[in-house]
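An overview of the molecular structure
This is what each chain is made of:
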Amino acid sequence: LTNWQTFYKNLVINVLVIIVFFNRSSIKKAITSKGEWEIVGISVVMVVYLQNYNYKNLHVENIRAWKVRKNK
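All figures in this text were calculated on a predicted structure; none of them were measured in a lab.

Okay, the overall build of the protein chain next. Helix and strand counts for the protein chain stand at two helices and zero strands. Taken across its 72 residues, the protein chain has 1% of its residues classed as buried. Surface accessibility of the protein chain: about 7700 Å² in total, with carbon and sulfur atoms responsible for 65%.

In structure tokens:
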């Protein structure tokens with residue numbers, strides 16, 4: 001997207017957010033408060049697991065395009 005397209009897209013999104021903001025009292029909740037906390041808890045556990053998994057399973061081999069100490 002060009003800069004102007006992004007600007008107009010952001011304007012449209014801002015208008016929609018303002019409409020939702022002023023009508024928020026009439027919007028019915030789809031999830032209970034307990035359900036929201038359960039989703040947050042599951043998300044935190046998943047992020048911590050993914051970070052731990054990625055930390056423990058780093059690449060053994062250097063796969064970068066420009067390898068260290070390699071001329072060709």
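And the narrative resumes.
This paragraph deals with a nonpolar patch on the surface. There is a patch of nonpolar side chains on the surface, built from Trp4, Phe7, Tyr8 and Leu11 and spanning about 470 Å² of accessible area. Secondary-structure assignment places Phe7 in helix H1 (residues 3-22). A relative accessible area of 41% places Phe7 in the partly exposed class.

This brings us to the packing of aromatic side chains. Considering all chains together, one arrives at five aromatic pairs under this definition. Three or more aromatic residues link up through ring pairs in this structure, and these residues are Trp4, Phe7 and Tyr8. Lying across the ring of Phe21, Arg24 places its NZ or CZ 4.1 Å from the centre.

Position of Ile31 among the secondary structure elements: in the loop between H1 and helix H2 (33-56). Judged by relative accessible area, Ile31 falls into the partly exposed class, the value being 38%. Once you skip the residues sitting within four places of it in the chain, Ile31 turns out to touch Glu36 and Ile39.

Cut-offs and rules
Residues numbered from 1 in each chain as written. Predicted model: local features only at pLDDT ≥ 70, side-chain atom pairs only at ≥ 80, totals over all residues. Heavy atoms only, no water. Helix = DSSP H or I, 4+ residues; strand = E, 2+ residues; numbered from the N terminus. Buried < 20%, exposed > 50% of the residue type's maximum accessible area, 1.4 Å probe, protein only. Areas by Shrake-Rupley, 256 points an atom, 1.4 Å probe, with all protein chains shown as cover. Patch = residues over 30% accessible without salt bridge, like charges linked within 9 Å, V, L, I, M, F, W, Y side chains within 5 Å. Salt bridge = Lys/Arg side-chain N within 4 Å of Asp/Glu carboxyl O. Phe/Tyr/Trp six-rings, centres within 6.5 Å; stacked < 30°, edge-to-face > 60°. Lys NZ or Arg CZ within 6 Å of the ring centre and 35° of its normal. Contact = heavy atoms within 4.5 Å.

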